[in-house]
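Single-letter residue listing:
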Amino acid sequence: MKVAFVSLGCAKNLVNTEQMMALCRRAGHTVTGDPDGADVAVLNTCGFIESAKSEAIENILELAELKKAGRLKKLLVTDDIRAELPEVDGMLGTGSYTDVVAAVEELMAGENAEHFGNIHRTFEDGERLVTTPPYTAYLKIAEGCSNGCAFCIIPKLRGRYRSRTMESLLAEAKTLADAGVKELIVIAQDITRYGIDL
């Protein structure tokens, strides 16, 4: 199948999109950035702030127009938004990025695709389809946040802070360097907290 990816939000979201792209490619699907003509479009949204929610809704409605015109078959969104937008065919929760292949295949088989897994795990396999310029890439060192600020929904969306293992980070950094990356940009919700939970 031809699977298109659209990534909204921050660099942490982009890394999740790159991971989902790699999983789909490994499963034998064709990965593209253009939803026009795709079997499934996967929209990786961000629900952190109001403007991000508005951007997600705008993108969903644009993709729905492609569906209406017969130029896109199915729409999979990484947000629990189907009640508000029936144009969405399937959903992946933030703990279910690794279920993307199953969700795509379920949608194309006419099945219900709703995956809401454990938001308190990390994805240790660093395989990704890097979309940044070839000399630079993001290195996500942790997931979630444990600060619990009153104004922030991240702990509810992404779970408590959990560091990736040093072994997985070094393996990913080496793979990226071997591919020609010269600069790694370390990212997490709070990079200074890395390792405290290990």
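About the criteria used
- Along each chain, the written sequence defines residue order, and numbers are assigned to residues from 1.
- With pLDDT at 70 or above as the cut-off, local features in this predicted model cover only qualifying residues; side-chain atom pairs require 80 or more to be listed or tallied, and sums for whole chains, interfaces and linings still use all residues.
- Based on all heavy atoms of the structure, the side-chain values leave hydrogens and waters out of the count.
- Each residue is placed in one exposure class: buried if its accessible area under a 1.4 Å probe, protein chains only, is under 20% of its type's maximum, exposed if it is over 50%, and partly exposed if it falls in between.
- Under the scheme used here, helices are H or I runs from DSSP no shorter than 4 residues and strands are E runs no shorter than 2 residues, and both carry numbers assigned from the N terminus.
- When DSSP locates at least two bridges between a pair of strands, those strands are taken to pair.
- Helix axes are fitted only over the stretch in contact, all axes being lines through C-alpha atoms; the angle between N-to-C directions runs from 0 to 180 degrees.
- The contact criterion used is simple: two residues touch if any of their non-hydrogen atoms lie within 4.5 Å.
- Pairs of N or O atoms are called polar contacts if they sit within 3.5 Å, as long as, within protein, a hydrogen donor faces a hydrogen acceptor (for residues adjacent in sequence, only side-chain-to-side-chain pairs).
- Basic side-chain nitrogens of Lys or Arg form a salt bridge, by our definition, when they fall within 4 Å of a carboxyl oxygen of Asp or Glu.

A. Representation of the pairing of strand β3 (residues 38-44). Taken across its 7 residues, β3 has 7 buried, putting it largely inside the fold. As defined by bridge partners, strand β1 (residues 2-7) adjoins β3 across 5 bridges and the pair is classed as parallel. From the neighbouring strand, S7 faces β3, where its bridge partner is N44. Pairing geometry for β3 and strand β4 (residues 72-77), over 5 bridges, is parallel.

B. Spatial organisation of the sheet that holds strand β6 (residues 113-115). Pairing is parallel in the open sheet, where 6 strands are placed in the order β2-β1-β3-β4-β5-β6. The open sheet has two edge strands, β2 (30-32) and β6, and neither has a second partner. On average, adjacent strands in this sheet sit at an angle of 25 degrees to one another, irrespective of strand direction. One ladder, built from 2 bridges, connects β4 with strand β5 (residues 90-92); its direction is parallel. Counted as the bridge partner of L76 is G90 from β5. The strands touched by helix α1 (residues 11-26) within the sheet are β1, β2, β3 and β5, with β1 carrying the most contacts at an inclination of about 175 degrees.

C. Main features of the side chain of H115. Structurally, H115 can be placed in strand β6. Among the polar contacts made by the side chain of H115, one reaches the side chain of D99 at a distance of 3.3 Å. In this structure the side chain of H115 is engaged in a polar contact, spanning 2.9 Å, whose partner is the side chain of E106. Apart from the residues lying within four places of it in its own chain, the contact partners of H115 are M91, L92, G93, S96, D99, A102, A103 and E106.

D. Local environment of the side chain of N44. Along the chain, N44 falls in strand β3. At 2.8 Å, the side chain of N44 and the side chain of T78 are in polar contact. Here the side chain of N44 touches Y97 through a polar contact of 3.5 Å, side chain to side chain. Apart from the residues within four sequence positions on either side, N44 is in contact with V6, S7, L8, N13, N16, T17, M20, T78 and Y97.

E. Up close: the pairing of strand β7 (residues 136-140). Among the 5 residues in β7, 4 count as buried, and that is most of the element. Pairing of β7 with strand β10 (residues 183-187), which is carried by 5 bridges, proceeds in the parallel orientation. Within β10, the position partnered with A137 by the bridge is L184.

F. Up close: the pattern of salt bridges. Applying the stated criterion to the full structure yields 10 salt bridges. The residue D39 makes a salt bridge to K73 at a minimum N-O spacing of 2.9 Å. Placement of the pair is D39 in strand β3 and K73 in strand β4, with a sequence separation of 34 residues. Among the salt bridges present, the one from K67 reaches D89, with a minimum N-O distance of 2.8 Å. Of this pair, K67 sits in helix α2 (residues 50-68) while D89 sits in the loop between β4 and β5, and the two are 22 residues apart along the sequence. Members of the salt-bridge network, linked through shared partners, are E18, R128, R164 and E172.

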